[in-house]
Number of protein chains: 2
Amino acid sequence: MTGQVRTVDGRVAGRRGQATRQKLLDCLSEMLSSSPYRDVKVIDVARRAGTSPATFYQYFPDVEGAVLEIAEQMAAEGAELTQLLEGRSWVGKAGWQTSQELVEGFLDFWRKNDAILRVVDLGAAEGDKRFYKIRMKILNSVNNSLTDTVKELQAKGKVDKDVSPAAMAGSIVAMLAAVASHQRGFQTWGVKQHELRPNLAMLVHLGVTGKKPTK
Amino acid sequence: MTGQVRTVDGRVAGRRGQATRQKLLDCLSEMLSSSPYRDVKVIDVARRAGTSPATFYQYFPDVEGAVLEIAEQMAAEGAELTQLLEGRSWVGKAGWQTSQELVEGFLDFWRKNDAILRVVDLGAAEGDKRFYKIRMKILNSVNNSLTDTVKELQAKGKVDKDVSPAAMAGSIVAMLAAVASHQRGFQTWGVKQHELRPNLAMLVHLGVTGKKPTK
DNA sequence: TCGGTAAGCTGACGGCATGACAGGACAGGT
DNA sequence: ACCTGTCCTGTCATGCCGTCAGCTTACCGA
């Protein structure tokens with residue numbers, strides 16, 4: 001189940017092969033950061049990796065296939081996002097803390113992986129189920145946890161009955177993802193990073209608990 | 001200043017030429033809805049329009065250039081979004097109404113233009129200033145109006161001093177745009193359209209006024 | 001009616017990326 | 001030194017890109 005790495009034609013990749021493969025992924029990753037997705041060519045990736053296009057096709061069916069691979073790796077790392085919510089309190093000052101740390105962690109993760117996340121977002125929006133699944137995998141931990149929190153608060157009567165926990169959580173998570181992927185844009189819009197984060201945290205807190213945070 | 005339509009090589013386009021040009025734009029628009037942006041080829045667009053690739057290059061420098069054109073047209077239509085906020089009240093029941101109508105109008109606009117908006121979003125996220133400007137143009141009316149509203153409420157002491165109106169408005173608008181572009185995704189996530197909208201409206205209201213709406 | 005002129009369109013072409021294959025280079029074991 | 005399976009690349013057919021010269025069409029003034 002460890003998922004032996006295989007070439008397109010079915011051979012098992014050895015140590016050297018895996019290194020080459022990883023190098024291609026790394027170079028593709030760099031290219032995605034520096035040029036539009038539409039313009040990323042196999043030949044450029046291969047050149048940058050000091051190898052030939054044919055080698056690329058030995059490990060990946062096409063650019064999209066390689067992108068999916070990178071995205072999977074990132075999604076695996078994204079499991080850390082769960083920690084931002086596990087066992088946290090949403091009451092009083094601790095609630096404000098939780099909210100702030102969620103925003104912080106989320107934006108940082110997004111910033112670290114912005115290039116690949118852009119492509120994943122596009123793929124998902126275009127209806128590609130594979131990309132959609134990866135996006136889910138990253139967002140689900142946060143989303144589920146938020147949904148549960150809202151449900152609990154609702155059970156205690158602290159949140160209105162007519163709130164749909166799933167819809168609320170989904171909206172909040174979508175907001176976080178959107179703001180994260182347009183962080184640069186906000187700066188152009190005259191919004192400073194240190195203004196953005198607390199306000200986002202406020203909005204998250206408002207959405208989850210229905211109340212202003214205690215600071 | 002009416003912006004005479006010109007071909008790439010500087011000729012003035014006549015009636016026939018403009019028709020061809022528009023047909024190409026329409027076909028490109030369709031293609032964007034039905035296949036991934038990365039895979040849209042000039043030759044396919046031309047074929048679909050019943051013309052030759054060379055004709056395409058007479059009117060547009062490349063696919064991206066044509067996409068920008070479509071986006072501009074859409075942005076112009078997007079001016080209607082301003083009406084969702086002009087002269088509206090954010091107090092009491094009227095405030096809840098405003099919030100609901102904003103969400104409604106926004107999601108509808110996004111759904112109507114989802115294909116092109118995806119590409120605009122990608123371009124903006126990739127740092128392309130032209131796409132970013134178009135995205136701004138669409139979102140700005142809503143954003144500015146929301147910013148003003150928050151400022152006013154803040155001046156009256158109804159919203160905390162430490163809220164940054166621009167950051168709050170920007171976050172809300174980003175959320176609307178994000179949820180809008182993943183509307184289909186929400187359904188897969190088990191969230192129904194009729195649940196989503198009121199919850200979004202609630203979040204908008206909470207963000208703008210800091211209070212739960214009066215229903 | 002008849003050119004003249006500019007708009008409009010396309011066939012054809014060099015250039016480049018794609019994707020497949022066969023064969024050569026290389027590392028590890030005997 | 002030799003063998004074996006892994007690994008890489010040169011080469012090729014195919015197809016799209018982007019450009020140009022040149023042909024057709026529409027319009028207009030004489």
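That block above? That's the structure.
The paragraphs below set out a description of the structure included in this document. Nothing here was measured: the structure is a model prediction, and the numbers come from that model.

### Examining the interface of chain B and chain A
No. 1: Taken together, the contact pairs 52 residues of chain B with 52 residues of chain A.
No. 2: A buried area of about 4,600 Å², summed over both sides, lies between chain B and chain A, and 63% of it is on carbon and sulfur atoms.
No. 3: At the junction of chain B with chain A, the criterion picks out 4 salt bridges.
No. 4: Our count for the contact surface shared by chain B and chain A stands at 14 residue pairs in polar contact (both at pLDDT 80 or more).
No. 5: Among the elements of the structure, helix 6 (114-125), helix 7 (129-155), helix 8 (165-181), helix 9 (183-188) and helix 10 (193-209) of chain B are those that each provide at least two residues to the side of chain B that touches chain A.
No. 6: Looking at which element gives the most residues to the side of chain B that touches chain A, the answer is helix 8 of chain B, with 11 residues.
No. 7: A class-by-class count of the residues in the side of chain B that touches chain A yields 27 nonpolar, 13 polar and 12 charged.

### Here's the deal with the nonpolar core
No. 1: Core analysis: the largest hydrophobic core is formed by 143 residues, its most contacted members being Ile138 of chain A together with Ile138 of chain B.
No. 2: Contact partners of Ile138 of chain B, with chain neighbours within four places excluded, come to Met74, Ala75, Leu81, Phe109, Trp110 and Leu117 of chain B.

### Some details on the packing of aromatic side chains
No. 1: A full pass over the atoms with the stated rule returns 8 aromatic pairs over all chains.
No. 2: On the numbers, 5.7 Å between centres and 80° between planes, the contact of Phe56 of chain B with Tyr57 of chain B is edge-to-face.
No. 3: By relative accessible area, which is 1% here, Phe56 of chain B ends up buried.
No. 4: For Tyr57 of chain B, a relative accessible area of 43% gives the class partly exposed.
No. 5: Three or more aromatic residues link up through ring pairs in this structure, and these residues are Phe56, Tyr57 and Phe60 of chain A.
No. 6: The ring of Tyr37 of chain B has Arg38 of chain A sitting right over it, with the charged end atom 4.8 Å from the ring centre.

### Section: the protein's contact with DNA strand C
No. 1: The full set close to DNA strand C counts 18 residues, and Arg11, Gly14, Gly17, Thr20 and Thr51 of chain B are the nearest of them.
No. 2: At the protein interface, 70% of the atoms of DNA strand C within 4 Å belong to sugar or phosphate.
No. 3: Counting residues per element, the ones that place at least two in the surface near DNA strand C are helix 2 (42-48) and helix 3 (53-59) of chain A together with helix 1 (15-34) and helix 3 (53-59) of chain B.
No. 4: The residue makeup of the surface near DNA strand C, split by class, is 8 nonpolar, 7 polar and 3 charged.

### Things to note about the protein's contact with DNA strand D
No. 1: The environment of DNA strand D is made up of 19 residues, and the closest members are Gly14, Thr20, Thr51 and Tyr59 of chain A together with Tyr57 of chain B.
No. 2: Between DNA strand D and the protein, one listed contact pairs a phosphate oxygen with a backbone N or O atom of Ser52 of chain A at 3.2 Å.
No. 3: One of the side-chain N or O atoms of Gln58 of chain A is found 3.4 Å from a base nitrogen in DNA strand D.
No. 4: Of all the elements in the fold, those that place two or more residues in the surface near DNA strand D are helix 1 (15-34) and helix 3 of chain A together with helix 2 (42-48) and helix 3 of chain B.

### Structural notes on the relation of the copies chain B and chain A
Copy one and copy two of the chain differ by a rotation about a common axis and a shift along it.
No. 1: With an axial shift of 0.0 Å and an RMSD of 0.1 Å, the rotation relating chain B to chain A amounts to 180°. Interpreted geometrically, this transformation is the action of a two-fold axis. Across chain B, the smallest distance between a C-alpha and the rotation axis is recorded for Met175 of chain B, namely 2.0 Å.
No. 2: Of all interface residues in chain B, 100% are interface residues in chain A too; the two copies therefore contact each other through one and the same surface.

### Looking at the pattern of salt bridges
All names here are of chain B.
No. 1: A complete count under the given rule lists 27 salt bridges over all chains for this structure.
No. 2: A salt bridge links Arg88 to Glu101; the nearest nitrogen and oxygen atoms lie 2.4 Å apart. Pair noted here: Arg88 is in the loop between helix 4 (63-77) and helix 5 (92-112) and Glu101 is in helix 5, with a separation of 13 residues, a long-range link.
No. 3: Looking at Glu101, the relative accessible area reads 29%, which means it is partly exposed.
No. 4: The partner of Arg197 in a salt bridge is Asp108, with the nearest N and O atoms 3.3 Å apart. Of this pair, Arg197 sits in helix 10 while Asp108 sits in helix 5; the two residues are 89 residues apart in sequence, bridging distant segments of the chain.
No. 5: Accessibility expressed as a relative area gives 12% for Arg197, which makes it buried.
No. 6: You can call Asp108 partly exposed: its relative accessible area is 37%.

Procedures and definitions
- Residues numbered from 1 in each chain as written.
- Chains lettered and ligands numbered in written order.
- Predicted model: local features only at pLDDT ≥ 70, side-chain atom pairs only at ≥ 80, totals over all residues.
- Heavy atoms only, no water.
- Contact = heavy atoms within 4.5 Å.
- Buried area = accessible area lost by both parts, 1.4 Å probe.
- Salt bridge = Lys/Arg side-chain N within 4 Å of Asp/Glu carboxyl O.
- Polar contact = N/O pair within 3.5 Å; in protein donor to acceptor, adjacent residues only side chain to side chain.
- Helix = DSSP H or I, 4+ residues; strand = E, 2+ residues; numbered from the N terminus.
- Nonpolar A, V, L, I, M, F, W, Y, C, P; charged D, E, K, R; others polar.
- Core = buried A, V, L, I, M, F, W, Y, C linked by side-chain atoms within 4.5 Å.
- Buried < 20%, exposed > 50% of the residue type's maximum accessible area, 1.4 Å probe, protein only.
- Phe/Tyr/Trp six-rings, centres within 6.5 Å; stacked < 30°, edge-to-face > 60°.
- Lys NZ or Arg CZ within 6 Å of the ring centre and 35° of its normal.
- Near = heavy atom within 4 Å.
- Least-squares fit on C-alpha atoms with pLDDT ≥ 70 in both.

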